[in-house]
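Here is what each chain is made of, one letter per residue.
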Amino acid sequence: MRVAIIAAPYPLEEFPSPPLGISYVAAAFEAAGCEVRIFDYIISCYSKEKLALQLADFQPDAVGAGSVTMNFYEAQKILRDVKSIHPDILTMMGGPHVSFTVEETLRTYPEIDLIFIGEADDTIVEFAPLIRQKNKWKSIQGIAYRLGDEIINNGKRDFIMDVDRIPQPARRLLPISRYRALGYPASMITGRGCPHGCIFCLGRKMVGSKVRRRNTGLVLDEMEQIAGLGFDRINIADDLFASDTKRVKEICNGMKERNLKLAWSAFARVDTVNQEMFDAMAAAGCDSISFGVESGSPEMLKRVKKGIKLEQATEAIRMCKQSGMVAHASFMVGLPGESKETLRQTGAFAESLKILFGYHYLAPFPGTTLCEKIDKYDLEILTREWSKYDANDAIVRTSELTPQDIRDFVAVYDNEMNGHWQKVLDNYKTGKNTSYDDMRVEGQYRMNITFAILKEDLVEKHGFIDAASLNGSKDSAQKILMERMKKTISGDSRLVENTVNDFISRGYLQGERSDKGCTWRWS
């Protein structure tokens, strides 16, 4: 059985790292005995023509796509294209968005044949051998599908208690060199589950309220696998990694024993950390921690059931800085009952921390307590246009605040940040920057150049150089590629040249020679 998995397009602004959920799904299908390919359109161009060629080459029995709410439409449209190219291919979708909009999705989007509900690792293993036997699907918990005009929902499957038997994510199926070129860290999780009841979060519903931690040895094995793929930085993405001092120290000591030279970062709650934990993390290569504080209003923190106090946030950040790590805090605006006073409190508290911080707009995702029980809160959701659920704009109002009021609050912060950055850009042009700020500017330019090369498939479009153009020279292939890139990509040609040269020197790009010429490819 052959299964293709779609990694749907995702904006550069959302810092796309190698997709972890897709990698777990691929591993589950492989564990079921399937041959699997990932069609990654996060860091490459998507077109229906390209999809058709990939389908013709692989000839899958089924095509699946993962999505979060903000890129659901992108995933759905690709599955619609799959159906228009090959109507008989089974199309599947999983992830948090469709898990909580099962009937709506199946009734509205006929191009989606089947939905995996919630945690799908075991569901996939049971389902995969029966892909072509629809008469047997009714016995499989964790799926929903269409049978004529009827929606069959077999209900959610129990969570996997022994998470150590879940296969390691199949990252090797991703276009690794492209992700390494982009430069974001590889994400991983050390466990599943969250006992906290934040009303704006899907955590408890998607991964359960019981924390299920992976064996320390398996966590370290995965870190070694990531390092073996060429990544030098990871991000530990589970919310409760930094909650058990003994286990954190075991992992940190294991990293040192295995001589894992990885820089890393992690998320943490402010009420589960201590100095001993932070010191161990810093000694093992962790250089930054991100805390979700959400609000500077004690009343608001209680209302959204965050379960923390502002004094705990202040103390956690103090300890983080004392250990030598960088602290970052995120705040959410537009929460239920938000007012000008609660926003003022949030702004004042964020400034008082004297660290890097940022604001996100509330996105009341399907499945959250806030979305499902909206009538209990001082909040109105203004749209179900899922592409707007990216936390980058106000899509709610409260009794005291309009969406524009919420935007205006964030705009003060954005204007200050943009003004500072514009000054750095101006100083770069006039040679007045520090070397550190020049490095920041060039890093941003390089990121934009890299993303253009990846998303527009420029290597694929311009990478073949015929033999006549080479004139027998080994160096001319690289020079010709460089000139083509400089003509195609807007911006500083020196940085374009440096970027492409760096990709070649690091082995991300390789030239394959034949009697017809040279073809540049991602390794």
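Above: the structure in question.
First, a word on what this report is: a plain description of the structure on this page.

**Remarks on the packing of helix H9 (residues 216-228) against helix H10 (residues 245-257)**
Point 1. Relative to each other, H9 and H10 sit at 40°, their axes nearing to 10 Å. One way to sum up the angle between H9 and H10 is to call them oblique. Our pair here, H9 against H10, has a crossing hand that is right-handed. Seen from H9, the contacting residues are Thr 216, Val 219, Leu 220 and Met 223; seen from H10, they are Arg 247, Glu 250, Ile 251, Gly 254 and Met 255.
Point 2. When the residues that make up the contact of H9 with H10 are grouped by side-chain class, the tally is five nonpolar, two polar and two charged.

**Comments concerning helix H2 (residues 48-58)**
Point 1. All of the buried residues along H2 are Leu 51, Leu 55 and Phe 58. Buried residues of H2 fall within an arc of 75° about the axis and therefore sit on the same side. Turned more than 90 degrees away from the buried face of H2, the exposed residues are Glu 49, Leu 53 and Asp 57.
Point 2. On its buried side, H2 packs onto strand S1 (2-7), strand S2 (35-40), strand S3 (62-66) and helix H3 (72-85).

**Here we look at the packing of aromatic side chains**
Point 1. Scanning all chains against the criterion turns up 21 aromatic pairs.
Point 2. Geometrically, the ring pair formed by Phe 72 and Tyr 73 is tilted, given 5.8 Å between the ring centres and 55° between the ring planes.
Point 3. Exposure remark for Tyr 73: the relative accessible area of 17% places this residue in the buried category.
Point 4. Seen from their ring centres, Tyr 428 and Tyr 445 are 6.0 Å apart, and the 80° between their planes marks the pair as edge-to-face. One end of the pair, Tyr 428, is in helix H16 (residues 403-430); the other, Tyr 445, is in helix H17 (residues 435-455), and 17 residues separate them in sequence.

**Some thoughts on the pattern of salt bridges**
Point 1. Within this structure, the stated rule accounts for 36 salt bridges.
Point 2. Across the pair Glu 497 and Lys 486 runs a salt bridge, and its minimum N-O distance is 3.0 Å. One end of the pair, Glu 497, is in helix H21 (residues 493-505); the other, Lys 486, is in helix H20 (residues 476-488), and 11 residues separate them in sequence.
Point 3. A residue is classified by how much of its surface remains accessible, and Glu 497, at 31% relative accessible area, is partly exposed.
Point 4. Through salt bridges that share partners, Lys 50, Arg 178, Asp 457 and Glu 460 make up one connected network.

**Digging into the pairing of S2**
A regular strand carries its side chains on alternate faces of the sheet.
Point 1. Where S1 and S2 come together, six bridges link them in parallel fashion. When the sheet's bridge partners are listed, Arg 2 is paired in S2 with Glu 35.
Point 2. This β-α-β element, S1 to helix H1 (residues 20-31) to S2, shows right-handed connectivity.

**Side note on the sheet that holds strand S6 (residues 143-147)**
Point 1. Sheet architecture is open: seven strands sit in the order S2-S1-S3-S4-S5-S6-S7, paired in mixed fashion. Every other strand in the sheet has two partners, leaving S2 and strand S7 (150-153) as the edge strands with one partner each. On average, each strand axis in the sheet is tilted by 20° relative to the strand beside it, whichever way the strands run.
Point 2. Sheet analysis places strand S4 (residues 90-94) next to strand S5 (residues 114-116), joined by two bridges and oriented parallel. Residue pairing in the sheet places Met 93 in a bridge with Ile 115 of S5.
Point 3. Against the sheet, H1 touches S1, S2, S3, S4 and S5, its axis set at about 175° to S1.
Point 4. The strands that H3 touches are S1, S3 and S4; relative to S4, the one it contacts most, it runs at about 170°.

**Concerning the nonpolar core**
Point 1. The biggest cluster of nonpolar side chains holds 166 residues, and the ones touching the most others in it are Phe 29, Phe 127, Met 223, Trp 264, Met 281, Ile 289 and Phe 291.
Point 2. Per-element tally for this core: the top contributor is H16, with seven residues.
Point 3. Among all residues touching Met 223, those that are not within four sequence positions of it are Met 188, Ile 234, Ile 236, Ile 251, Met 255, Leu 260 and Leu 262.
Point 4. In this structure, Leu 20, Tyr 24, Ile 160 and Val 163 belong to the second largest nonpolar core, which totals six residues.

Each value, and the rule that gives it
- Residues numbered from 1 in each chain as written.
- Predicted model: local features only at pLDDT ≥ 70, side-chain atom pairs only at ≥ 80, totals over all residues.
- Heavy atoms only, no water.
- Axes fitted to C-alpha atoms, helices over the stretch in contact; angles between N-to-C directions.
- Helix = DSSP H or I, 4+ residues; strand = E, 2+ residues; numbered from the N terminus.
- Parallel < 35°, antiparallel > 145°, perpendicular 65-115°, else oblique.
- Left-handed = near helix turned anticlockwise from the far one by under 90°.
- Contact = heavy atoms within 4.5 Å.
- Nonpolar A, V, L, I, M, F, W, Y, C, P; charged D, E, K, R; others polar.
- Buried < 20%, exposed > 50% of the residue type's maximum accessible area, 1.4 Å probe, protein only.
- Arc of directions from axis to C-beta.
- Phe/Tyr/Trp six-rings, centres within 6.5 Å; stacked < 30°, edge-to-face > 60°.
- Salt bridge = Lys/Arg side-chain N within 4 Å of Asp/Glu carboxyl O.
- Pairing = 2+ DSSP bridges.
- Right-handed = clockwise from strand over helix to strand, strands pointing away.
- Core = buried A, V, L, I, M, F, W, Y, C linked by side-chain atoms within 4.5 Å.

Keep in mind these values describe shape, not function.
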